[in-house]
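Structural overview
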Amino acid sequence: MKARRFAKVSPTLPGPKGADVVRKTAQYVSPSISRFYPLVVESAHGSLVKDVDGNQFIDFASGIAVLSTGSTHQKVVDAVKRQSEKFIHYSYTDFYYANVAELSEKLVSMVPGSFSKMVYYGNSGAEAIEAAMKLTRNYTERPIFLAHSGSFHGRTMGALSLTASKPIQRKGTLPLVSDVVHFPFPYCYRCPWKQTFPECDYFCVDYFKEQYLEKFVPVEEIAAYFFESIQGEGGYVVPPPDYFHKMEFLRKEGVLFVSDEIQTGVGRTGRFLGAENFGVVPDVVTIAKGVASGLPLSATVAKSEIMESWKPGQHASTFGANPVAVESALATLEIIKSEHLMENAKMLGEKGIKRMLEWKEKYEIVGDVRGLGFFIGVEIVKNKKTKARGEEEAKKIMDYCFRHGALVIMAGRNTLRVIPPLNILEEAFTEGLDILEEGIAEVNSATARG
Ligand SMILES: Cc1ncc(COP(=O)(O)O)c(C=O)c1O
């Protein structure tokens, strides 16, 4: 095993302690939870994760895009301790406490749009989506939701009705919420119409108008259009620059724009929201994952006029806006600003993407590299010409990274994602990329040998 500065792993993974945890978990924990590899975490600090057998990994997964400020940032730990010693819970559904008002004031100032906004709090991404679904139907008094195929908005019954990522997520659960219409996302590398950007001149938008709005979807009955500004679980798919502008015609018809920023938000793309990279100002925004550096908290931020359509009792959750999570969110937003984490994500992300784009030239199995900031996907193929999805190849690379000390995970069927904490050190980021490139090179050679 190569000597490295950050990644330090023994040849046998998991080690004996890890293997015990994996065994016990298999016996007692629901099998519905799928795992990428047997990482059994003991501790994590900054961008380094240690397992129970003493192995150390570079964090390229951020606990699935959650650890925006890295693990156990001192200011976050202090905030959690401070609040825990005061009070841990007092149900915001029925009573008041001050830090929620403070966080709401901060969030509405950070979410784009020069109009007044209000916040609803839940505990998870799916809950933020459920709230946005109920809210937009309530405000518009319309039934239909638009969402994209390939999208991921969560797995609870409402959110799952919007999700169109993998059939297994719906298996055995149907029927779901009615009147959700899915249409293709502009996935230019795999254009469903075999067109090429920019010559296509956004054929996808014309197709949507002709085949959906003119054939079976009454536009005046659409409540909201839910979208991820960059598709996450769908494979880190970046839309062409004017796509959302071209879809703005829907707003003239009274359709609300809901930007699901659960994965792209809180600075990950180098802007506070992913949507800001495309100049779109949503009516409703859903935020979760990175907002509280690992504590469960989600926020549905909406134009005040929309939020005020709800009457007391129409929606709430006992644990929503837990005071410890809120204090952690306040610390997170402060750190992101004072330590220039969006700038770091943008600067290092651009450097990383530049290096990864060279892999496209060097390795037959690297089909596409795309992303913004620290929201980066590397799509693996069997063959550049056919673009046949390299699912096994991507899994082998992911496994290589794990066994060599970098926590890389998949998005979609054959895309590897690089989503380190926003404050990862350049040296650790570079070492992680070295490991990823070695894995790609090894699998590429094996594929070439057949
Ligand atoms: C874009 C997006 N929306 C919603 C969710 C659901 O969030 P949660 O798992 O917290 O319910 C996710 C989770 O990966 C996501 O990436």
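Residues numbered from 1 in each chain as written. Predicted model: local features only at pLDDT ≥ 70, side-chain atom pairs only at ≥ 80, totals over all residues. Heavy atoms only, no water.

**Some points on the side chain of S298**
Looking at where S298 falls in the secondary structure, it is placed in strand β10 (residues 298-303). Filtering out sequence-adjacent residues up to four positions away, S298 remains in contact with Y120, Y121, G122, N123, S124, G125, E127, A128, I287 and A288. (Helix = DSSP H or I, 4+ residues; strand = E, 2+ residues; numbered from the N terminus. Contact = heavy atoms within 4.5 Å.)

**Side note on the nonpolar core**
Formed by 112 residues in total, the largest nonpolar core has its most connected members in Y225, I287 and L416. When residues of this core are assigned to their parent elements, the largest contribution, 8 residues, is made by helix α11 (residues 323-338). Counting residues domain by domain, this core receives three or more from each of domain 1 (16-69 + 340-449) and domain 2 (75-338). Apart from the residues within four sequence positions on either side, I287 is in contact with L107, V111, A128, E261, I262, V266, F272, L273, L297, S298, A299 and V301. (Core = buried A, V, L, I, M, F, W, Y, C linked by side-chain atoms within 4.5 Å. Buried < 20%, exposed > 50% of the residue type's maximum accessible area, 1.4 Å probe, protein only. Domains from an automatic or database assignment.)

**As for the domain arrangement of the chain**
Here the chain is partitioned into domain 1 (16-69 + 340-449) and domain 2 (75-338). Relative to domain 2, the C-alpha centre of domain 1 lies at a distance of 25 Å. Each partner contributes to the interface: domain 1 provides 35 residues, whereas domain 2 provides 34 residues. Among the residues of domain 1 in contact with domain 2, M342, L372 and F375 are the three that bury the most area, contributing 25% of the side total. Taken together, the links from domain 1 to domain 2 amount to 2 salt bridges. Across the pair R417 and E233 runs a salt bridge, and its minimum N-O distance is 3.0 Å. (Buried area = accessible area lost by both parts, 1.4 Å probe. Salt bridge = Lys/Arg side-chain N within 4 Å of Asp/Glu carboxyl O.)

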